[in-house]
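Residue-level listing of the chains:
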Amino acid sequence: MQRPSPTKVILDTDPGVDDALAILLALASPELEVVGVTTVCGNVPVGQATKNLFRVLNLVKTPPGLLVGQGAARPLEEDLVTAVQVHGSDGLGELDSVLTAEGALRYPHVRLPPVLSTAQDVWSECVRRYPDEVTLITLGPLTNVALGLKVNPLTIQKFRSVIVMGGAIGVPGNIAPAAEFNMYVDPHAAHRVFQASLPLTLVPLDVTTRVGVTRERLTTWAAESCDPLGRITTDMTRKAFEFAETVEGHGLFYFHDPLAVLAAADSSLLKVEPFHVAVETDGRVSRGMTVADRRLRRPEEKTSPNMHVAVDVDVDRALSLLRNRLCPWS
Ligand code: RIB
Ligand code: CA
């Protein structure tokens, strides 16, 4: 039976360690054709995110003609809050400290091209080339999407699907008690995006925190892998494990962004349900909180859904795919 043609995707990302693994995973997934990658401020300032993106792309073979662009440098209204405490000051787990036996950088920096496209230009070109075919996968705050709705609405409306890693529906937040990081950083952008009637699927902490590994388990995956990707994965995640072990205490690295990529590669991994979800933009303690209307009501009495929310995940299959693609055996 002929394999279906790959799904064309754009990754909008704030690398970030789990973003980096999501990018590598997407490039290693035969179900996906990565046609564009764009950066947004989030885990690190957007300039650092772009440097990190090029550094990650330099580690693997990238598709010819891959479009890369830089997006928003600050949230719509809030000051930028980063997550360097989790991802390291460079955003990639302090990669400069990883040296070869000769003392050189194992992961060299990459010079950026003299002229950088904007995220909006990349999105417009991808949609021009592949109208109604492209899935946008957002792995950071939704600032670029919100700006696109304002300055580039015809492009945004031509996305076939929008998969958003973010939010926390029935579980605590991470950056704040009530808020997940991507929603917290730019709640005003998330509010605009959630109101825009886009074909949106939310991949929240409710499912991403079910797909995690201990340092020991990831080290075993890498040790049994014969592919350089295995070593990259362990070298990049050391700092994140330190945070998970010493601050959070559970010691788990969560594959937040990689799960959003897997959702595009194999939608059967997630169980999704329609909900109306709102984002708190004004709350002193609840900024970025994502509130789904889960009240038991007759359908005609419910707030009409504005997205599908992932409520369950096939954990074993997701972990198996992550292992096979990030720490391949053959
Ligand atoms: O809350 C997890 C999300 O915030 C992930 O996308 C991670 O990279 C950070 O951006
Ligand atoms: Ca991210």
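Here, the structure is the one placed above.
To keep things clear, this report deals only with the structure shown in the data block. (Residues numbered from 1 in each chain as written. Chains lettered and ligands numbered in written order. Predicted model: local features only at pLDDT ≥ 70, side-chain atom pairs only at ≥ 80, totals over all residues. Heavy atoms only, no water.)

Structural notes on the coordination of the calcium ion (ligand 2)
For a metal with four tetrahedral donors the ideal donor-metal-donor angle is 109.5 degrees, whereas six octahedral donors ideally subtend 90 or 180 degrees. Within the first shell, the calcium ion (ligand 2) binds the protein through D14 (OD), D19 (OD), D19 (OD), L139 (O) and D257 (OD), at distances of 2.1 to 2.6 Å. Spacing between the donor residues of the calcium ion (ligand 2) along their common chain follows D-x4-D-x119-L-x117-D. Residue L139 is found in the loop between β5 (134-138) and α5 (143-151), and its partner D257 is found in helix α12 (residues 256-265); the two are separated by 118 residues along the sequence. There is no split in this pair, since L139 and D257 are both buried. (Donors = N, O, S within 2.8 Å, 3.2 Å for Na, K, Ca; no water. Helix = DSSP H or I, 4+ residues; strand = E, 2+ residues; numbered from the N terminus. Buried < 20%, exposed > 50% of the residue type's maximum accessible area, 1.4 Å probe, protein only.)

Notes on the site of ligand 1
As a structural note, the neighbourhood of ligand 1 is formed by 13 residues, with D18, L139, N174, E180 and D257 the closest of them. A distance of 3.1 Å separates an oxygen atom of ligand 1 from a polar atom in the side chain of D14. At a separation of 2.6 Å, an oxygen atom of ligand 1 approaches a polar side-chain atom of D18. Relative to its unbound accessible surface of 270 Å², ligand 1 loses 97% to contact with the protein. For the shell around ligand 1, the residue count by class is 3 nonpolar, 5 polar and 5 charged. (Near = heavy atom within 4 Å. Polar contact = N/O pair within 3.5 Å; in protein donor to acceptor, adjacent residues only side chain to side chain. Areas by Shrake-Rupley, 256 points an atom, 1.4 Å probe, with all protein chains shown as cover. Nonpolar A, V, L, I, M, F, W, Y, C, P; charged D, E, K, R; others polar.)

Digging into the pattern of salt bridges
Pairs can form between side chains of opposite charge once their charged atoms are near each other. The tally for this structure, following the rule as stated, stands at 17 salt bridges. Its salt-bridge partner being E78, residue R287 comes within 3.4 Å of it at the nearest N-O pair. Of this pair, R287 sits in the loop between β11 (277-279) and β12 (290-292) while E78 is found in the loop between β3 (67-70) and α3 (84-87), placing the two residues 209 residues apart along the sequence. In this pair, the class of R287 matches that of E78, namely buried. For E245, the salt bridge goes to R215, with nearest N and O atoms at 2.8 Å. Linking E245 in helix α11 (residues 228-248) with R215 in helix α10 (residues 215-223), this pair joins segments that are 30 residues apart in sequence. On the basis of relative accessible area, R215 is assigned to the partly exposed category, the value being 30%. (Salt bridge = Lys/Arg side-chain N within 4 Å of Asp/Glu carboxyl O.)

Just geometry here; none of it tells us what the structure is for.
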